[in-house]
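As a plain string of letters, each chain reads:
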Amino acid sequence: MSYHAACSGKADDMTDDVFTPSTDDFLARNQEWADAFEHRDLPVSPRRHVAVVACMDSRMPIFGILGLDRGDAHIIRNAGGVVTDDVIRSLTLSQRALGTREIILMHHTDCGLQKVTEAGFNDDLQAELGVRPPWALESFVDPYADTRQSIRRLELSPFIPHKDHIRGFVYNVETGRLDEVFAE
Ligand SMILES: [Zn+2]
């Protein structure tokens, strides 16, 4: 299945003619935010000494899902919540320089990476741009298997010193519940 065939949803129906960017609206809201700002003295090291690696999915407000407060945790996000080299980079800083000791991985049901295939996505890029990307998209079928893959990558990384408290979850976007993933 190609990227375009898989993604023939609402996003593809939107053309440049009808799209209105929102940044100016967000800036007006930021003014209200700054006017009411009261958290000036938080330390740079997360209070709960935890880093969360999660998918970028718009239905996952990580602070609300975990009951986190400002200053509690590092939140590292990308498509899929996949443990890439750049996630390792952030976690290495998080643990070695900023005192975190615990890692929570959060994948989820109905992920965008389940709706494409690695080959189809890359074929589309090759056809359109003449090149295949130098990175892996990391599409997957089973979010549980993908979470296990991410846990394993953390365990194998020499850069991350604290591995005693790594736990992985699949967030159900229909119910709001976290389902823990255990090694097979
Ligand atoms: Zn996702």
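To be clear, the structure that these remarks concern was listed above.
Residues numbered from 1 in each chain as written. Predicted model: local features only at pLDDT ≥ 70, side-chain atom pairs only at ≥ 80, totals over all residues.

A.B. asks: Is there a simple way to explain the overall build of the protein in this structure?
C.D. replies: When helices and strands are counted, the protein shows seven helices and five strands. Along the protein, from the amino end to the carboxyl end, the secondary structure elements read α-α-α-β-α-β-α-β-α-α-β-β. Its C-alpha atoms give the protein principal-axis dimensions of about 50 × 50 × 35 Å. Pairs at least 24 apart in sequence give 69% of the contacts found in the protein among residues at least 6 apart. (Helix = DSSP H or I, 4+ residues; strand = E, 2+ residues; numbered from the N terminus. Contact = placed C-beta atoms within 7 Å.)

A.B. asks: Explain the pairing of strand S3 (residues 102-108) to me, please; I cannot follow it from the model alone.
C.D. replies: Side-chain positions along a regular strand alternate between the two faces of the sheet. S3 sits mainly inside the fold: six of its seven residues count as buried. Judged from the five bridges that link them, strand S1 (residues 50-55) and S3 form a sheet pairing that is parallel. Among the inter-strand pairings, Val52 is bridged to a residue of S3, identified as Ile104. Here six bridges tie S3 to strand S4 (residues 166-171), and the two strands are oriented parallel to one another. Counterpart to Ile103 in the pairing with S4 is Ile166. (Buried ≥ 20, exposed ≤ 12 C-beta atoms within 10 Å, placed from the backbone. Pairing = 2+ DSSP bridges.)

A.B. asks: Even after reading the chapter, I still don't get the environment of Pro46, so can you show me in this structure?
C.D. replies: Tracing the backbone shows Pro46 in the loop between helix H3 (23-35) and S1. Along the primary structure Pro46 and Arg153 are separated by 107 residues, whereas in three dimensions their C-alpha atoms are 23 Å apart.

Function cannot be inferred from these measures alone, as they are strictly geometric.
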